[in-house]
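# Coordinate inspection notes
What follows is each chain in one-letter form.
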Amino acid sequence: MVDTVNSLATRLHEVLVEHLTKGPAVAGTRGLHDVVARATALGPDGAWLAAAGHSGLAGLACAHGQTDQAIHHLDAAVAAGYNDCVALHIALVRPLHHDPRFQALYRRMRVTPADLDEFFWLHQEMQIMMRDAQQATVDNIGRLDTGVSLLPQAPMPTREPNTLGVLITRIDLAATQTALQQAALKAEFQRSSGNTSLSLIDDTWDYTRARHDARYADDLESRRQQAAAARAFVERPGVGTMLIPCPPLGSITYPG
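Quick look at the structure, then. These numbers come from a predicted model, not from an experiment. (Residues numbered from 1 in each chain as written. Predicted model: local features only at pLDDT ≥ 70, side-chain atom pairs only at ≥ 80, totals over all residues. Heavy atoms only, no water.)

### Some thoughts on the overall build of the chain
What counts is decided by this rule: Starting at the N terminus, helices and strands are each numbered in turn, a helix being any DSSP run of H or I of at least four residues and a strand any DSSP run of E of at least two. Only protein chains enter the accessibility calculation, which uses a 1.4 Å probe; a residue is then buried when its area is under 20% of its type maximum, exposed when over 50%, and partly exposed in between. Any two residues whose heavy atoms approach within 4.5 Å at even a single point are treated as in contact. Using the Shrake-Rupley algorithm and a 1.4 Å probe, accessible areas are obtained, with residue cover drawn only from the displayed protein chains. When charges are counted, neither His nor the chain ends are considered; positive counts come from Lys and Arg and negative counts from Asp and Glu. Where a charge lies is defined by one atom per residue type, namely NZ (Lys), CZ (Arg), CG (Asp) and CD (Glu).
Helix and strand content of the chain: nine helices and two strands. Along the chain, from the amino end to the carboxyl end, the secondary structure elements read α-α-α-α-α-α-β-α-α-α-β. Looking at the chain as a whole, 45% of its 256 residues qualify as buried. The long-range share in the chain, meaning contacts at least 24 apart out of those at least 6 apart in sequence, stands at 80%. Accessible surface computed for the chain: about 13,400 Å², of which carbon and sulfur atoms make up 58%. Across the chain, the 22 positively charged side chains and the 27 negatively charged ones have centroids separated by 3 Å.

### Topic: the nonpolar core
Applicable threshold: As used here, the term nonpolar core means buried Ala, Val, Leu, Ile, Met, Phe, Trp, Tyr and Cys residues forming a set that is joined through side-chain atoms within 4.5 Å.
In this structure, Tyr-82 and Phe-102 are the most contacted members of the largest nonpolar core, which totals 53 residues. Every element with two or more residues in this core is listed here: α1 (5–22), α3 (30–41), α4 (47–63), α5 (67–79), α6 (100–108), α7 (113–139) and α8 (165–201). The greatest single-element share of this core, amounting to 10 residues, is contributed by α4. With near-sequence residues (within four places) excluded, Phe-102 lies in contact with Ile-71, Leu-74, Leu-88, Val-93, Leu-96, His-97 and Leu-249. Within the second largest apolar cluster, five residues are counted, among which are Ala-133, Ala-136, Leu-151 and Leu-180.

### What about the packing of α4 against α5?
Stated precisely, the cut-off is as follows: Axis definition: a line fitted to C-alpha atoms, over the contacting stretch in the case of helices. Angles run 0 to 180 degrees between N-to-C directions. For classification, angles of less than 35 degrees are called roughly parallel, those exceeding 145 degrees roughly antiparallel, those between 65 and 115 degrees roughly perpendicular, and all remaining angles oblique. Whether a crossing is left-handed or right-handed is set by the direction in which the near helix is turned from the far one by less than a right angle, anticlockwise for left-handed and clockwise for right-handed. Nonpolar residues are Ala, Val, Leu, Ile, Met, Phe, Trp, Tyr, Cys and Pro. Charged residues are Asp, Glu, Lys and Arg, and all others, Gly as well, are polar.
The interhelical angle for the contact between α4 and α5, taken along N-to-C directions, is 160°, at an axis separation of 8 Å. In terms of orientation, α4 and α5 fall into the roughly antiparallel class. Where α4 crosses over α5, the two elements pack in a sense that is left-handed. For the pair α4 and α5, the contacting residues are Ala-51, His-54, Ser-55, Leu-57, Ala-58, Ala-61 and Cys-62 in the first and Gln-69, Ala-70, His-73, Leu-74, Ala-76 and Ala-77 in the second. Split by residue class, the contact of α4 with α5 holds nine nonpolar, four polar and no charged.

### Re the side chain of Glu-118
Residue position: Glu-118 is located in helix α7. Residues contacting Glu-118, with those up to four places away along its chain left out, are Pro-157, Arg-159, Val-166, Arg-170 and Phe-233.

### What to know about the environment of Tyr-216
As for its position among the elements, Tyr-216 is in helix α9 (residues 207–230). With 73 residues separating them in the primary sequence, Tyr-216 and Arg-143 have C-alpha atoms 9.7 Å apart.

### Quick word on α9
Just so we agree on the cut-off: Expected span of a helix, by definition, is 1.5 Å for each gap between consecutive residues, and there is one gap fewer than residues.
Here α9 contains 24 residues, and its C-alpha end-to-end distance of 35 Å stays within 8% of the 34 Å for a straight helix at 1.5 Å per residue. Three or more residues of α9 are buried, namely Ala-210, Asp-213, Ala-217, Leu-220, Glu-221, Arg-224 and Ala-228. Against α7 lie the buried residues of α9.

Okay, structure coming up:
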C-alpha cells in the first residue's frame, strides 16, 4: 500500500497511542523511526510528519537523559517545520535550555500569534484531559450500576493553521485523548461486567443504590460533556497571522 499524508498521519496517531498506553519501554522507538523514514519518502508534503517523528524521538531521548540524541532529533524536527515552542518548555525539556545547540535551534523557529494561541490551547487541553481522567477514576470507585461512562473531550480546532507544526500538536492531543479514553473504557467495562455478574448471583444486590449511582454517573457525564464543549478553541478576533520569532526561551510558562 502506497503511503499518503493522511494514512501516515493515522499511523503516527497509532504509534503515539501505543507509547501512551504501553509505555515507551514496551513500544520502543521503531514505530517513530518508521514514520520518519516513510514521511521523508513523501517529500515536502510529508515533512511535517517527519518533524513529528523526530520530535517524538527527542522526547524519548530526553526521558532517558540522552542529551545529544535529543538535540539531534529536535534539530531535525525544526528543520522539517516543527515550531511548538510551548512544548519545548515542559519540565522534561527544560534541562536542555542551557545547551547552546538547543538555544540555536530554538532561535530558528518561527510562529504566528494565531498558531501560538492554539499551541497553548492544545497543551492546556492535554492537561485538562489527564485531570478529568484521574477524577473520573475516583468518581467511579464503588459504583454499583452497570452503565459505562465515556470520557468527554473538547472538539479539535478546525481553523486552517498558518504553520504545519500545529498539525503535529493536534495529533499529540488526539493521541492523548484516545489513550485516556481507551484506558477509561477498559476500566468501565471491567467494573460494569463485574457488577452485572454480581447482580445475577447475589440476592443481596443493592438495586436502589445501583439506580442512584447510575443517575449520579449520568449527571456527571452530562456536566463533563458540557464543560468539554465549552472549552472549544475560539480564535481571537484580529489575531496576527504573520510569522515572528518564538517568545524568548524560558519566557513561556507551560499550561498547568
